[in-house]
Amino acid sequence: MTFPPDFLWGGATAANQLEGAFDEGGKGLSIQDVAPRGIQGPRTSIPTADNLKLVGIDFYHRYASDIALFAEMGFKVLRLSIAWSRILPKGDDEEPNEEGLAFYDRVFDECARHGIEPLVTISHYETPLHLADHYGGWVNREMIGFYERYVRTLFDRYGSKVRYWLTFNEINSVLHVPFLSGAIDTPKDQLSTSELYQAAHHELVASALATRIAHEMIPGVKVGCMILAMPTYPLTPDPADVVAVMQADRRNLFFGDVHTQGIYPSYMRRYFREAGIELDITDDDREILTNTVDFVSFSYYMSVCEAADPAKRATGEGNVIGGVPNPTLQASDWGWQIDPAGLRIVANQFWDRWGKPLFVVENGLGAKDELVEVDGAKTVLDDYRIAYLNDHLVQLSEAIDDGVEILGYTAWGCIDLVSFTTAQMSKRYGFVYVDRHDDGSGTLERYRKASFDWYAEVIRTNGGSLLR
Ligand code: BGP
């Protein structure tokens, strides 16, 4: 096995999916506090008790013991996000909320005590609700200034504690889930493609600005973009399908192209012209975009197919971006098609195209788990999750052997948390089981699953224990 000796093994989380304490410590409301059905249902006007994210898994109060569990597995890195509305409760506040700042100080100090490096997502689907309700979210250029104020506050406060930063989670998803990704509270069918790309443009400028500011303020900092990776295969060998793949792929790769090259790629000119899109791009914007990222991070769960024939272009179940299901692959209980080789393929594609170090910051299997008793201890026998992760990590090692530079791997939802797309508790990813259920019942007790020991051994052996 070929994982480099300093490979960053760990797990990934997001504030809105695990912290809970949605109205404690001076926190303002975020868009997630009014999205009880994830991307699958409408928002509510105020937080409602059926929204599992309001309590999450209570990480806000249990962070110390949870981080101790991660340390027990040998984590080198923990990906977590900062809830923007803990720091700036409304988003346009002049002064940050000290209690919110102090919370993440405690979290980072706890990580440091265990030798765990934090990898921090600045904006993970949790924009302050006020910015959605009063400014219209990222279609509005003013968002760049609010984001700048937020990142300056973070870099100033945590610059000595956090070395790795990600600007926007799955930035390409703004085209697909405008409310949760872009805080744009207009139904998608009433938004024009121009508005969606304008929002994407504002985020790209904000991301490049954050990169510039970080480089100015924090010596040795590493800033990455974060892309929802979706390798796309032709449904048939028909060249028309291959062209369809090229075009579908570019809708995603565009975001990485801008982040790594610092300019809009030439193929977008034709797309914008033919789609009648005219963007407001200023000279200042163009200058800011030249601040390219230090690395590219991505989530990887599944691949899709693409076809030229609209009759074949049925969309797969449950995923954020869409795409045609692959007839050769099996799917998870939530319809996400399982494709370990896709991880090797996409890592090679990104490396060949961008030449920047990569970081796999999300990967894993959302599955229903059953708590059982073995030798008097409660656990989950999640051999299905172990098989999924094993096969993906073997493919990642193939990519490393192919010559791709990979900084690390953080398994998504390393402790069970609330799902993003469906807002369920029952879609579990963790090495640690959390006793909480879709109806909100449960003790919130934590139990180690079989995958807990398995992952600890993978980390201890630096991948040597993986089964090829
Ligand atoms: C990504 C998000 C995560 C996450 C993951 C799994 O799109 O960045 O926040 O939750 O998908 O999705 P889900 O929780 O819906 O299974």
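In what follows, the structure referred to is the one given above.
Residues numbered from 1 in each chain as written. Predicted model: local features only at pLDDT ≥ 70, side-chain atom pairs only at ≥ 80, totals over all residues. Heavy atoms only, no water.

Before going further, it helps to spend a moment on the site of the ligand. Within the structure, the ligand sits among 14 residues, and Gln17, Glu170, Glu362, Thr421 and Tyr429 are positioned closest to it. Here His124 contributes a side-chain N or O atom positioned 2.9 Å from an oxygen atom of the ligand. Between the ligand and the protein, one listed contact pairs an oxygen atom with a side-chain N or O atom of Glu170 at 2.6 Å. Look at the ligand: alone it shows 380 Å² of surface, and the protein chains cover 99% of it. (Near = heavy atom within 4 Å. Polar contact = N/O pair within 3.5 Å; in protein donor to acceptor, adjacent residues only side chain to side chain. Areas by Shrake-Rupley, 256 points an atom, 1.4 Å probe, with all protein chains shown as cover.)

Turning to the pairing of strand 2 (residues 77–81), a few remarks are in order. Among the five residues in strand 2, five count as buried, and that is most of the element. The alternating pattern of strand 2 places Val77, Arg79 and Ser81 and Leu78 and Leu80 on opposite faces, both of which are buried. In this sheet, strand 2 lies alongside strand 1 (residues 8–12) in parallel orientation, the contact comprising three bridges. For Gly10, the partnering residue across the bridge sits in strand 2 and is Val77. Strand direction decides the pairing type here: strand 2 and strand 3 (residues 117–123), joined by five bridges, are parallel. Within strand 3, the position partnered with Val77 by the bridge is Glu117. (Buried < 20%, exposed > 50% of the residue type's maximum accessible area, 1.4 Å probe, protein only. Helix = DSSP H or I, 4+ residues; strand = E, 2+ residues; numbered from the N terminus. Pairing = 2+ DSSP bridges.)

This part takes up the sheet that holds strand 4 (residues 164–168). What holds strands together in a sheet is hydrogen bonding between their backbones, with the strands either parallel or antiparallel. The eight strands are arranged 1-2-3-4-5-7-9-12 in a closed barrel whose pairing can be described as parallel. Between one strand and the next, the sheet's axes are offset by a mean angle of 25°, whatever the strand orientation. Summarising the sheet, strand 4 and strand 5 (residues 222–229) pair through three bridges and their orientation is parallel. In the sheet register, Trp165 faces strand 5, and the bridge partner there is Val223. Most of the contacts of helix 9 (residues 239–261) go to strand 5, to which it runs at about 170°, and overall it touches strand 4, strand 5 and strand 7 (295–300). Seen against the sheet, helix 14 (residues 450–460) touches strand 1 and strand 12 (406–412) and runs at an angle of roughly 150° to strand 1. (Axes fitted to C-alpha atoms, helices over the stretch in contact; angles between N-to-C directions. Contact = heavy atoms within 4.5 Å.)

A few words now on unusual backbone geometry. Despite not being glycine, Ala183 has its phi angle at roughly 55°, a positive value. The topology assignment puts Ala183 in the loop between helix 7 (178–182) and helix 8 (193–217). Positive phi outside glycine occurs at Ala423, with the angle close to 55°. Following the sequence through the fold, Ala423 ends up in the loop between strand 12 and strand 13 (432–434).

This part covers the packing of helix 2 (residues 59–72) against helix 4 (residues 98–113). Axis separation between helix 2 and helix 4 bottoms out at 9 Å; the angle between their running directions is 10°. The pairing of helix 2 with helix 4 is recorded here as roughly parallel in orientation. Seen from helix 2, the contacting residues are Phe59, Tyr60, Tyr63, Ala64 and Ile67; seen from helix 4, they are Phe103, Arg106, Val107, Glu110 and Cys111. Of the residues belonging to the contact of helix 2 with helix 4, the class tally is eight nonpolar, no polar and two charged. (Parallel < 35°, antiparallel > 145°, perpendicular 65-115°, else oblique. Nonpolar A, V, L, I, M, F, W, Y, C, P; charged D, E, K, R; others polar.)

The next subject is the packing of aromatic side chains. Within the structure shown, the criterion is met by 36 aromatic pairs. Ring geometry for Trp138 and Tyr147: centres 5.8 Å apart, planes at 70°, overall edge-to-face. Just as Trp138 is buried, Tyr147 falls in that class too. By the ring-pair criterion, three or more aromatic residues cluster together here, those being Phe3, Phe7, Trp9, Phe70, Phe75, Phe431, Trp454 and Tyr455. Geometry around Phe103 places Arg86 over its ring, the cationic atom sitting 5.6 Å from the centre. Directly above the aromatic system of Trp334 lies the positively charged group of Lys368, at a separation of 5.3 Å from the ring centroid. (Phe/Tyr/Trp six-rings, centres within 6.5 Å; stacked < 30°, edge-to-face > 60°. Lys NZ or Arg CZ within 6 Å of the ring centre and 35° of its normal.)

Here we come to the nonpolar core. Nonpolar side chains tend toward joint burial in soluble globular proteins. Ranked by size, the top nonpolar core spans 146 residues in total, and within it Tyr147, Tyr158, Trp165, Phe298 and Tyr455 carry the most contacts. Here the element with the most residues in this core is helix 8; it accounts for twelve residues. Those residues in contact with Tyr158 that lie beyond four places of it in its chain are Ile82, Ile87, Gly100, Leu101, Tyr104, Asp105, Phe108 and Trp165. If you look at the next biggest cluster of nonpolar residues, it comprises nine residues, including Leu8, Val77, Leu119 and Met226. (Core = buried A, V, L, I, M, F, W, Y, C linked by side-chain atoms within 4.5 Å.)

Residues of helix 10 (residues 267–274) that are buried: Tyr267, Met268 and Phe272. Take helix 10 and look down its axis: the buried residues cluster within an arc of 125°, on one side only. Exposed residues pointing more than 90 degrees away from the buried face of helix 10 are listed as Arg269, Arg270, Arg273 and Glu274. Considering only its buried residues, helix 10 is in contact with helix 8, helix 9 and helix 12 (340–354). (Arc of directions from axis to C-beta.)

All right, on to the environment of Phe70 then. Mapped onto the elements, Phe70 comes out in helix 2. Exposure remark for Phe70: the relative accessible area of 0% places this residue in the buried category. A sequence separation of 79 residues divides Phe70 from Arg149, and the C-alpha atoms of the two residues are 32 Å apart. Leave out the neighbours within four places in its chain, and Phe70 touches Phe75, Leu78, Ile116, Cys414 and Ile415.

Time to look at the side chain of Ser30. You can see Ser30 is positioned in the loop between helix 1 (15–18) and helix 2. One polar contact links the side chain of Ser30 to the main-chain amide nitrogen of Gln32, over a distance of 3.0 Å. Ignoring any residue separated from it by four or fewer positions in sequence, one finds Ser30 in contact with Ser85, Glu126, Thr127, Pro128 and Leu129.

An ideal rise of 1.5 Å per residue puts 21 Å on 15 residues; helix 12 measures up with 22 Å between its terminal C-alpha atoms. Taken together, the buried positions of helix 12 are Pro340, Gly342, Leu343, Val346, Ala347, Asn348, Phe350 and Trp354. At the exit of helix 12 stands Gly355, carrying a positive phi of roughly 60°. (Expected span 1.5 Å × (residues − 1).)

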